[in-house]
Amino acid sequence: MDFIGKRYNDYNSFIKLHFGERVQKISLDVGFSCPNRDGSKGYGGCTYCNNNTFNPDYCEPQKSIVAQLQEGIEFFAKRGKNKKFLAYFQAYTNTYSDLESLKAMYQEALSVPNVVGLVIGTRPDCISDEVIAYLEELSKDYFISLDFGVESTNEKTLLDINRCHTFSDTIATFEKCKDKGFHLGAHIIMGLPGESKNDLMQHAVKLSKLPIDTLKIHHLQIVRNSVMAVQYKRNPENFNLFTLETYINFVTDFIGYLRPDIVIERFISEAPKELLVAPKWGGIRKQEILDRIDQKLKAKDTWQGKYYKPEKVICLGS
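Analysis parameters
- Residues numbered from 1 in each chain as written.
- Predicted model: local features only at pLDDT ≥ 70, side-chain atom pairs only at ≥ 80, totals over all residues.
- Heavy atoms only, no water.
- Helix = DSSP H or I, 4+ residues; strand = E, 2+ residues; numbered from the N terminus.
- Rg over C-alpha atoms; globule rule 2.2 N^0.38 Å.
- Buried < 20%, exposed > 50% of the residue type's maximum accessible area, 1.4 Å probe, protein only.
- Contact = heavy atoms within 4.5 Å.
- Phe/Tyr/Trp six-rings, centres within 6.5 Å; stacked < 30°, edge-to-face > 60°.
- Lys NZ or Arg CZ within 6 Å of the ring centre and 35° of its normal.
- Axes fitted to C-alpha atoms, helices over the stretch in contact; angles between N-to-C directions.
- Parallel < 35°, antiparallel > 145°, perpendicular 65-115°, else oblique.
- Left-handed = near helix turned anticlockwise from the far one by under 90°.
- Nonpolar A, V, L, I, M, F, W, Y, C, P; charged D, E, K, R; others polar.
- Core = buried A, V, L, I, M, F, W, Y, C linked by side-chain atoms within 4.5 Å.
- Pairing = 2+ DSSP bridges.
- Salt bridge = Lys/Arg side-chain N within 4 Å of Asp/Glu carboxyl O.
- Arc of directions from axis to C-beta.

A.B. asks: Tell me about the overall build of the chain, and please be specific about residues and values.
C.D. replies: Helix and strand content of the chain: ten helices and nine strands. Taken over C-alpha atoms, the radius of gyration comes to 19 Å for the chain, in line with the 20 Å a tight globule of 318 residues would show. C-alpha extents for the chain along the principal axes are approximately 50 × 45 × 40 Å. The buried share of the chain, taken over its 318 residues, is 53%. Pairs at least 24 apart in sequence give 82% of the contacts found in the chain among residues at least 6 apart.

Right under this line is the structure:
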């Protein structure tokens, strides 16, 4: 193991190594939509989705990009720890527009002093070759990260949650984007309906075959004003939500099968209390959960990649 003070590749250490100091993301909402909301692929969005669960107060689409960034920078500057910032195009699908419009938005963000790069949240089916080529050029001067919502590597699950793209789409897009000079990130949701423990562990195997640099791991949270909230109310027996203890035990096993060079950016979901339906873990702080993950890894004497083998097939039963 050559991780820095951890038993996994943690994102904060990666950022400090890359920039030589702390760098803070500033979330943006610039009014994008999604192809499974506007009818080009479907309606209603992903069944788990309510974008209000991760937008901070300063993040409002009616404000300009510069205004959102300046407010975010002022907010974090009060803590006195950050001098560099990344503009995080977070809400919905942030490559879902024509190239000229995207160029204008990205350049506006990069024009703000102390913004040293972009993190762009998007979908595997919503990025064109010309956008990839443009971002490749930007990456020569700025830190550029593409953050793809993969959510599941199981084709049936993607259909059930109305994702409106396939895992085959994900594989093809990552192949297009690799070796372009920017960082590739993926999101995965643990505990979606119908997925067994074996299915969840297979996510580690399949994700490890993708050319990803970073991974955000989320446990499934049911949030208000989502389709899944209605499904959960009607048929709670279809959901096998994690308790805090079962999740810590699970995720410390999961990362053992993950490629060891992938940087783990997130371990848990964090929906606002007023929107969270389930599971409720008693208001425990994020840092305490991370500390308990560290403790569990030590207790098990395991670490990221301990069981990783490029062609390994896991069979754990259900």
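A.B. asks: Report on the packing of aromatic side chains, specifying residues and quantitative values.
C.D. replies: Summed over the entire model, instances satisfying the criterion amount to 13 aromatic pairs. Between Phe 242 and Tyr 247, the ring centres sit 5.1 Å apart and the planes meet at 75°, which makes this aromatic pair edge-to-face. According to the relative accessible area criterion, Phe 242 is buried, its value standing at 13%. Judged by relative accessible area, which is 0%, Tyr 247 ranks as buried. Following the ring pairs from residue to residue traces out a cluster consisting of Phe 242, Tyr 247, Phe 250, Phe 254 and Trp 281. We note Lys 25 situated over the ring of Tyr 88; from NZ or CZ to the ring centre the distance is 4.9 Å. Above the face of the Trp 303 ring, Lys 306 is positioned so that its terminal group lies 4.9 Å from the ring centre.

A.B. asks: Residue-level account of the packing of helix α9 (residues 244–254) against helix α10 (residues 286–300), with values.
C.D. replies: It is the contact of α9 with α10, at a shortest axis distance of 9 Å, that shows an interaxial angle of 55°. Relative to α10, the element α9 lies oblique. Between α9 and α10 the crossing geometry is right-handed. The segment α9 lies against α10, with Leu 244, Glu 245, Ile 248, Asn 249, Val 251, Thr 252 and Asp 253 engaging Ile 289, Arg 292, Ile 293, Lys 296, Leu 297 and Lys 300. Classifying every residue of the contact of α9 with α10 gives six nonpolar, two polar and five charged.

A.B. asks: Any chance you could break down the packing of helix α3 (residues 99–110) against helix α4 (residues 129–138) for me, citing the residues and the numbers?
C.D. replies: Viewed as axis vectors pointing N to C, α3 and α4 meet at an angle of 25°, and their least axial separation amounts to 11 Å. One finds that α3 runs roughly parallel with respect to α4. Where α3 crosses over α4, the two elements pack in a sense that is right-handed. Contacts from Leu 99, Leu 102, Lys 103, Tyr 106, Gln 107 and Leu 110 in α3 reach Glu 130, Val 131, Tyr 134, Leu 135 and Leu 138 in α4.

A.B. asks: Break down the nonpolar core for me, with residues and values.
C.D. replies: Counting residues in each nonpolar core, the largest one holds 81 residues, and the members touching the most others are Phe 89, Leu 118, Leu 135, Leu 215, Ile 217, Phe 254 and Phe 267. Look past the residues within four positions of Phe 254 in its chain and what remains in contact with it is Met 190, Leu 200, Met 201, His 203, Ala 204, Leu 215 and Ile 217. Counting residues in each nonpolar core, the second largest holds ten residues, with Phe 14, Tyr 88, Val 119 and Phe 143 among its members.

A.B. asks: Account for the sheet that holds strand β1 (residues 23–28), naming residues and giving values.
C.D. replies: The seven strands are arranged β1-β2-β3-β4-β5-β6-β8 in an open sheet whose pairing can be described as parallel. Among the strands making up the open sheet, the edge pair consists of β1 and β8 (263–266). Across the sheet, the axes of successive neighbouring strands diverge by a mean angle of 25°, strand direction being ignored. Across six bridges, the pairing between strand β4 (residues 143–151) and strand β5 (residues 183–190) is parallel.

A.B. asks: Account for the pattern of salt bridges, with residues named and values stated.
C.D. replies: Following the criterion strictly, the structure yields 20 salt bridges and no others. The shortest N-O distance in the salt bridge between Lys 103 and Glu 100 comes to 3.7 Å. Of this pair, Lys 103 and Glu 100 both sit in helix α3, separated by three residues, roughly a single helical turn. Look at Glu 100 and you get exposed, because its relative accessible area is 52%. One salt bridge in this structure joins Asp 253 and Lys 300, with 2.8 Å as the shortest N-O distance. Of this pair, Asp 253 sits in helix α9 while Lys 300 sits in helix α10; the two residues are 47 residues apart in sequence, bridging distant segments of the chain. Residue class for Asp 253 comes out partly exposed when judged on its relative accessible area of 24%. Assessed through its relative accessible area of 26%, Lys 300 is described here as partly exposed.

A.B. asks: For the environment of Asp 199, give the residues involved together with the corresponding values.
C.D. replies: Within the element layout of this structure, Asp 199 appears in helix α7 (residues 197–208). What Asp 199 contacts, discounting residues up to four positions off in sequence, is Asn 154 and Gly 194.

A.B. asks: So, α4: which residues are in play, and what are the values?
C.D. replies: Looking only at α4, the buried set comprises Val 131, Ile 132, Tyr 134, Leu 135 and Leu 138. Within α4, the buried residues cover an arc of 160° as seen down the axis, which keeps them to one side. Where α4 is buried, its residues meet α3, β3 (115–122), β4 and α6 (167–177).

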